[in-house]
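If you want the building blocks of each chain, they are given just below.
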Amino acid sequence: MASEDVVGKTSATIANIAEEAKIASVGVKAPSRQTLLGICKSLVAGGVAGGVSRTAVAPLERMKILLQVQNPHAIKYNGTIQGLKYIWRTEGLRGMFKGNGTNCARIVPNSAVKFFSYEEASKGILWLYRQQPGNEDAELTPLLRLGAGACAGIIAMSATYPMDLVRGRLTVQTDKSPSQYRGIAHALTTVLREEGPRALYKGWLPSVIGVVPYVGLNFAVYESLKDHLVKTRPFGLVEDTELSVTTKLACGAVAGTIGQTVAYPLDVIRRRMQMGGWKNAASVVTGEGKSPLEYTGMIDAFRKTVRYEGFRALYKGLVPNSVKVVPSIAIAFVTYEVVKDVLKVEMRISE
């Protein structure tokens, strides 16, 4: 869901928390040249890591979206394996990665806005917290950082939301679609011309609402798992009250999966709302010649989805979404660290 953008999806949780803690500790001081270089390095490393990890799991991401939005009267995709085989047979290798270019193109602007929004949100939240009696000298706690991260994620998601909408449409269109978006710019201008500026933010509300259960559960489960492992020390996973990086990543994967599962219905509704009003929509949405279902709002989308397809429809695509969590986290984390090390070496050479 928008959870991808809100907290960097669990893929970058460990790395991001470390970076955000460093920034938070700077407080209101003007950033030094070294700090700015560190920010740029983190943005580049995060962008590359996000691009590599998203590309690696792009077939699963496309399969998830297709399952979420396909018309129930013309089923083409009956599950993850069958769906991937169908895409390979009908669209080939390129079909596996439809929409991935737009997804990757969102990373840098989204990360940049999130990064700087986080710093400002941290200052604002800390200022408000210090207004309470007895908190005059308080510093950012993990919970306050979580709130700042959620605020920054919502701002970043909102700033790049039109790209997410066209990414969803580019993902589901095929060569047999009645009309074709030729790329990001063409899709944006076409939606703006045919549906108006408000159409670029269809599904925005469920995206924002989904932040609360996703971020809250992600944080609560992650911290609870860490505390439990430190206390019980099962299978030798804990050394000197510290968890290994691998164990932290595993905790992040479990927390992220639970958070995404609870907030997942909002992601389904978001995608379906994004398809509304699409003239000459892809056949997977229209059901071969029929008009796509229109929704007057989020509540109407929930009501019609449950009425016509049952409660289970709110979890369509959950399997490929859950399967991609672990490889996405592992690839993103490893790539992030490798790129940061490479940039560190190059910066030393240039100096």
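Here, every reference points to the structure presented above.
Being a predicted model, the structure only gives us computed values, none of them experimental.

Draft legend 1. Quick peek at the overall build of the chain. For the chain, the count of helices and strands is 17 helices and two strands. Residue burial in the chain is summarised as follows: out of 351 residues, 50% are buried. Restricting the contact set of the chain to residue pairs at least 6 apart, pairs at least 24 apart contribute 78%. In the form shown here, the chain has an accessible surface area of approximately 17000 Å², with 64% of it arising from carbon and sulfur atoms.

Draft legend 2. Main features of the packing of helix α4 (residues 58–69) against helix α5 (residues 80–96). Packing of α4 against α5 brings their axes to within 11 Å, and their N-to-C directions diverge by 115°. Regarding α4 and α5, the two cross each other, and that crossing is right-handed. Touching Ala58, Pro59, Leu60, Arg62, Met63 and Leu66 of α4 are Thr80, Gly83, Leu84, Ile87, Glu91, Gly95 and Met96, all from α5. Along the lines of polarity and charge, the residues of the contact of α4 with α5 split into eight nonpolar, three polar and two charged.

Draft legend 3. Expanded view of helix α8 (residues 142–159). With 18 residues, α8 ought to run about 26 Å at 1.5 Å a step, and its terminal C-alpha atoms sit 25 Å apart, in line with that. Restricting attention to buried positions, one finds in α8 the residues Leu144, Ala148, Gly149, Ala150, Ala152, Gly153, Ala156, Met157 and Ser158.

Draft legend 4. Up close: the nonpolar core. Within the largest apolar cluster, 25 residues are counted, with the highest numbers of intra-cluster contacts made by Met63, Leu66, Tyr77, Val172, Trp278, Val284 and Val285. Counting residues per element, the ones that place at least two in this core are α4, α5, α9 (161–172), α10 (184–195) and α14 (283–286). In terms of residue count, α4 provides more of this core than any other element does, six residues in total. Residues within four places of Leu66 in sequence aside, it is in contact with Tyr77, Ile87, Val172 and Val284.

Draft legend 5. Here's a closer look at the environment of Pro178. Within the secondary structure, Pro178 sits in the loop between α9 and α10. Since its relative accessible area comes to 56%, Pro178 is described here as exposed. Considering only alpha carbons, one finds Pro178 and Ala281, 103 residues apart in sequence, at a separation of 6.9 Å.

Draft legend 6. Representation of the packing of aromatic side chains in the model. Summed over all chains, the structure comprises five aromatic pairs. For the ring pair Tyr161 and Tyr201, a centre distance of 5.7 Å and an interplane angle of 15° mean the geometry is stacked. One end of the pair, Tyr161, is in helix α9; the other, Tyr201, is in the loop between α10 and α11 (204–209), with 40 residues separating them in the sequence. Accessibility expressed as a relative area gives 1% for Tyr161, which makes it buried. With a relative accessible area of 36%, Tyr201 lands in the partly exposed category. Pairing Tyr181 with Trp278 gives two aromatic rings, centres 5.5 Å apart and planes at 10°, and the pair type is stacked. Remark: Trp278 occurs in the loop between α13 (245–275) and α14 and Tyr181 occurs in the loop between α9 and α10; sequence separation between them is 97 residues. Trp278 matches Tyr181 in its accessibility class, with the two residues each being buried. The rings of Tyr264, Phe311 and Tyr315 are connected pair by pair, giving a single aromatic cluster. Across from the ring centre of Tyr308, 5.6 Å away, lies the NZ or CZ of Arg307, which sits over that ring.

Draft legend 7. Region of the structure containing the pattern of salt bridges. Enumeration according to the criterion identifies 20 salt bridges in this entry. Asp267 is paired through a salt bridge with Lys64; the nearest N and O atoms lie 3.5 Å apart. With a gap of 203 residues between them, Asp267 in helix α13 and Lys64 in helix α4 connect regions that are remote in the sequence. For the pair shown, Asp267 and Lys64 are each scored as buried. Asp300 is the salt-bridge partner of Arg303, the closest N and O atoms lying 3.2 Å from each other. Note that Arg303 and Asp300 are positioned in helix α15 (residues 298–309) at a spacing of three residues, about one turn of the helix. Residue class for Arg303 comes out partly exposed when judged on its relative accessible area of 43%. It is possible to trace a salt-bridge network through shared partners that takes in Glu61, Lys64, Arg106, Asp164, Arg167, Asp267, Arg270, Arg271 and Lys324.

Reading the values: the criteria
Residues numbered from 1 in each chain as written. Predicted model: local features only at pLDDT ≥ 70, side-chain atom pairs only at ≥ 80, totals over all residues. Heavy atoms only, no water. Helix = DSSP H or I, 4+ residues; strand = E, 2+ residues; numbered from the N terminus. Buried < 20%, exposed > 50% of the residue type's maximum accessible area, 1.4 Å probe, protein only. Contact = heavy atoms within 4.5 Å. Areas by Shrake-Rupley, 256 points an atom, 1.4 Å probe, with all protein chains shown as cover. Axes fitted to C-alpha atoms, helices over the stretch in contact; angles between N-to-C directions. Left-handed = near helix turned anticlockwise from the far one by under 90°. Nonpolar A, V, L, I, M, F, W, Y, C, P; charged D, E, K, R; others polar. Expected span 1.5 Å × (residues − 1). Core = buried A, V, L, I, M, F, W, Y, C linked by side-chain atoms within 4.5 Å. Phe/Tyr/Trp six-rings, centres within 6.5 Å; stacked < 30°, edge-to-face > 60°. Lys NZ or Arg CZ within 6 Å of the ring centre and 35° of its normal. Salt bridge = Lys/Arg side-chain N within 4 Å of Asp/Glu carboxyl O.

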